[in-house]
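Now for the letters of each chain:
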Amino acid sequence: MSLWFSDYNLDQINQQNKNTMVEHCGIEITEMSDETLTGTMPADSRNKQPFGIVHGGANCVLAETLGSIAANMTCNPTTHHAVGLSITTNHLRPVRNGVITGIATPVKIGKTTQVWDIKTFDEAKRMTSQTSFTVMIVNRL
């Protein structure tokens, strides 16, 4: 059984990210299973710090993007939406080139709070960061 409130498709999700930070960073949602959401971000000049590796904040942007989209996909969009409360990212391995893949997996899906685990990987499938992201489910105004 799927975690998602509705039948979403990747084109629809990616279209909603047009003209946002998500698009600016080159993030693309690439896959969804019944309980996970996957996306990619290029390790390019948009996302690197001056020493030539992906900026830690860019890792957080990828993680928060995946967690936020996933959390919102569990809500009835006409009545509720998810907003971020806390994000903690551990940077485990630098990335200089290629594509970073992130996978968001639920830890707890509650009525008013959710916790998501987001892991990122380099092209060699080595884990590069791990994020815990907490959201609150609020009434849509």
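Preceding this paragraph is the structure being described.
All values reported here derive from a predicted model rather than from experimental measurement. Position numbers for residues start from 1 in each chain and track the written sequence from start to end. In view of the model being predicted, local features appear only for residues whose pLDDT reaches at least 70, and side-chain atom pairs are presented and counted only at 80 or more, with totals across whole chains, interfaces and linings using the full set of residues. Neither water nor hydrogens contribute to the side-chain values; these are computed over all heavy atoms in the structure.

Undergrad: Please explain the pattern of salt bridges as it appears in this structure.
TA: Pairing between side chains of opposite charge can happen when their charged atoms approach one another. Definition used for salt bridges: Asp or Glu carboxyl oxygen within 4 Å of a side-chain nitrogen of Lys or Arg. This model, assessed by the stated rule, comprises four salt bridges. Here K18 makes a salt bridge to E23, at a shortest N to O gap of 3.7 Å. Here's how the labels work: a residue is buried when its accessible area is under 20% of the maximum for its type, exposed when over 50%, partly exposed in between, all with a 1.4 Å probe on protein chains only. Judged by its relative accessible area of 41%, K18 is partly exposed. E23 gets classed as partly exposed once you look at its relative accessible area, which sits at 34%. A salt bridge links D117 to K119; the shortest N-O distance between them is 2.6 Å.

Undergrad: Is there a simple way to explain the packing of aromatic side chains in this structure?
TA: Aromatic rings considered in pairs are described by the distance between their centres and by the relative angle of their planes. Stacked, edge-to-face and tilted labels apply to pairs of Phe, Tyr and Trp rings (six-membered ring for Trp) whose centres lie within 6.5 Å, assigned for plane angles under 30 degrees, over 60, and everything in between, in that order. Scanning the model with the defined rule gives one aromatic pair in all. The interplanar angle of 5 degrees and the centroid separation of 6.4 Å between the aromatic rings of W4 and W116 together place this pair among those described as stacked. You can see W4 sitting in the segment before α1 (10–16) and its partner W116 sitting in strand β5 (residues 113–121), a full 112 residues away along the chain. For the pair W4 and W116, one class covers both residues: buried. A helix here means a DSSP run of H or I that spans at least four residues, while a strand means a run of E at least two residues long, and both kinds are numbered starting from the N terminus.

Undergrad: Explain a nonpolar patch on the surface to me, please; I cannot follow it from the model alone.
TA: Residues V83, L85 and M136 make up a contiguous nonpolar surface patch of roughly 230 Å² in combined accessible area. On the secondary structure map, V83 appears in strand β3 (residues 80–91). For V83, a relative accessible area of 32% puts it in the partly exposed group. Each patch is built from residues lacking any salt bridge and having more than 30% relative accessible area; the joining distance is 9 Å for like charges and 5 Å for nonpolar side chains (Val, Leu, Ile, Met, Phe, Trp, Tyr). Throughout, the Shrake-Rupley method with a 1.4 Å probe supplies accessible areas, and for residues the shown protein chains are the sole cover considered.

Undergrad: Whenever I open this one, the sheet that holds β3 confuses me. Can you help?
TA: What links the strands of a sheet is backbone hydrogen bonding, and the strands pair in either a parallel or an antiparallel sense. Strand pairing is defined by DSSP finding a minimum of two bridges between the two strands. Spatially, the six strands line up as an open sheet ordered β1-β2-β4-β5-β6-β3, and their pairing is antiparallel. In the strand order of this sheet, the two ends are held by β1 (28–32) and β3, each with one partner. Direction aside, neighbouring strands of the sheet carry axes that sit 25 degrees apart on average. The pairing of strand β2 (residues 37–42) with strand β4 (residues 99–109) spans six bridges and is antiparallel. Considered in β4, the bridge of G39 is made with G102. Contacts are assigned to residue pairs with any non-hydrogen atoms lying within 4.5 Å of each other. As a rule, the C-alpha atoms of each element are fitted with a line to give its axis, helices using only the stretch in contact, and angles between N-to-C directions run from 0 to 180 degrees. In this fold helix α3 (residues 56–73) packs onto β1, β2, β3, β4, β5 and β6 (127–139), with an angle of close to 150 degrees to the strand it touches most, β2.

Undergrad: Is there a simple way to explain the nonpolar core in this structure?
TA: Side chains of a nonpolar character, in soluble globular proteins, are inclined to be buried together. One finds I27, L37, M41, V54, L66, W116 and I118 to be the most contacted residues of the largest nonpolar core, which totals 29 residues. Broken down by secondary-structure element, the contributors of at least two residues to this core are β2, α3, β4, β5 and β6. Sorting elements by how many residues they give to this core places α3 first, with nine residues. Those residues in contact with I118, other than ones at most four positions away along the chain, are A63, L66, G67, I103, A104, S129, Q130, T131 and F133. The nonpolar core is taken to be a set of buried Ala, Val, Leu, Ile, Met, Phe, Trp, Tyr and Cys residues, with the residues joined through side-chain atoms within 4.5 Å.

Undergrad: Help me out: how do you make sense of unusual backbone geometry in this one?
TA: Excluding glycine, most residues fall at negative phi; most peptide bonds, likewise, are trans. Even without being a glycine, N19 presents a positive backbone phi close to 60 degrees. Position of N19 among the secondary structure elements: in the loop between α1 and α2 (21–24). In this model, K125 sits at a positive phi of 65 degrees, which is unusual for a non-glycine residue. On the secondary structure map, K125 appears in the loop between β5 and β6.

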